[in-house]
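Coordinate inspection notes
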Amino acid sequence: MIAAFQSTPYNILYLVHMSSVVLGVGMAFIAPIMAVRARRSAGQALEEVVNETASNIMFPMFLVAGIAGGALVGLSDDVYDFQQSWLSVGGAVWMLVLVLTAAVYPPSWLRLFTVGDNRKQMLGGILHLSLAVMLVLMTWKFGV
Ligand code: HEM
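Below: a short report on this structure. (Residues numbered from 1 in each chain as written. Predicted model: local features only at pLDDT ≥ 70, side-chain atom pairs only at ≥ 80, totals over all residues.)

1. A look at the overall build of the protein
As a reminder of what qualifies: For the purposes of this entry, the term helix denotes a DSSP run of H or I that reaches at least four residues, the term strand denotes a run of E that reaches at least two, and both are numbered from the N terminus. Using C-beta atoms placed from the backbone, we call a residue buried if 20 or more other C-beta atoms fall within 10 Å of its own, exposed if 12 or fewer do, and partly exposed for counts in between. Contact definition: two residues whose C-beta atoms, as placed from backbone geometry, lie within 7 Å.
Within the protein, the regular secondary structure consists of four helices and zero strands. The secondary structure elements of the protein, listed N-terminal to C-terminal, are α-α-α-α. Oriented by its inertia axes, the alpha-carbon framework of the protein measures out at about 55 × 25 × 25 Å. Split into buried and exposed, the 144 residues of the protein put 23% on the buried side. Look at the contacts in the protein between residues 6 or more apart in sequence, and 70% of them connect residues 24 or more apart.

Okay, structure coming up:
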């Protein structure tokens, strides 16, 4: 066994999971507010800087969060397993989060879709909702 539930390696992974969650979710909710303020006070160029910065941070953070989360399950001595609904549903919602982030905030090295501004607004709303669902699932841990 490489590590046990709540051993030092487990806790380090937990820290990685939580740090990337904080940065990714924080950015997802704050970036739209900053983008609007940037456009109003300094125009489209500054709005683009905000959106580009958000794009280069958000997707990698959600990717790392999910990989670290999966590894936590593996290292948890069967306390957690993918039969538990919070993790099976959470895994699916995480994939949705990645697709939505790639559509609304694509990092410079990942341009999978071309999405118009109107559609981005709607998909951004679904992204926020998915993140809220994810936080509820992770907190309540239904099915443990
Ligand atoms: C955007 C995606 C995600 C968000 C926002 C998120 C958020 C969180 C939060 C806030 C916690 C702390 C809850 C607590 O410890 O009581 C947590 C814990 C946890 N997450 Fe995630 N998570 C995400 C993705 C994932 C994925 C994809 C997995 C697994 C496949 C996962 C597995 C876990 C596990 C196992 C814990 C519990 C660790 C422990 O309490 O020892 N997470 N997550």
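2. Notes on the site of the ligand
The condition that has to hold: Being near a molecule or strand means, for a residue, that its C-beta atom, positioned from the backbone, comes within 6 Å of it. In this classification, Asp, Glu, Lys and Arg are treated as charged, Ala, Val, Leu, Ile, Met, Phe, Trp, Tyr, Cys and Pro as nonpolar, and every other residue, Gly included, as polar.
In the region of the ligand, 22 residues are neighbours, and Gly66, Gly69, Leu72, Trp94 and Met138 sit closest. If you list the elements that add at least two residues to the shell around the ligand, you get α1 (8–42), α2 (44–74), α3 (85–104) and α4 (117–140). Considering every element that reaches the shell around the ligand, the biggest residue donor is α2, with seven residues. For the shell around the ligand, the class distribution of residues is 15 nonpolar, seven polar and no charged.

Any link to function would need more than the numbers given here.
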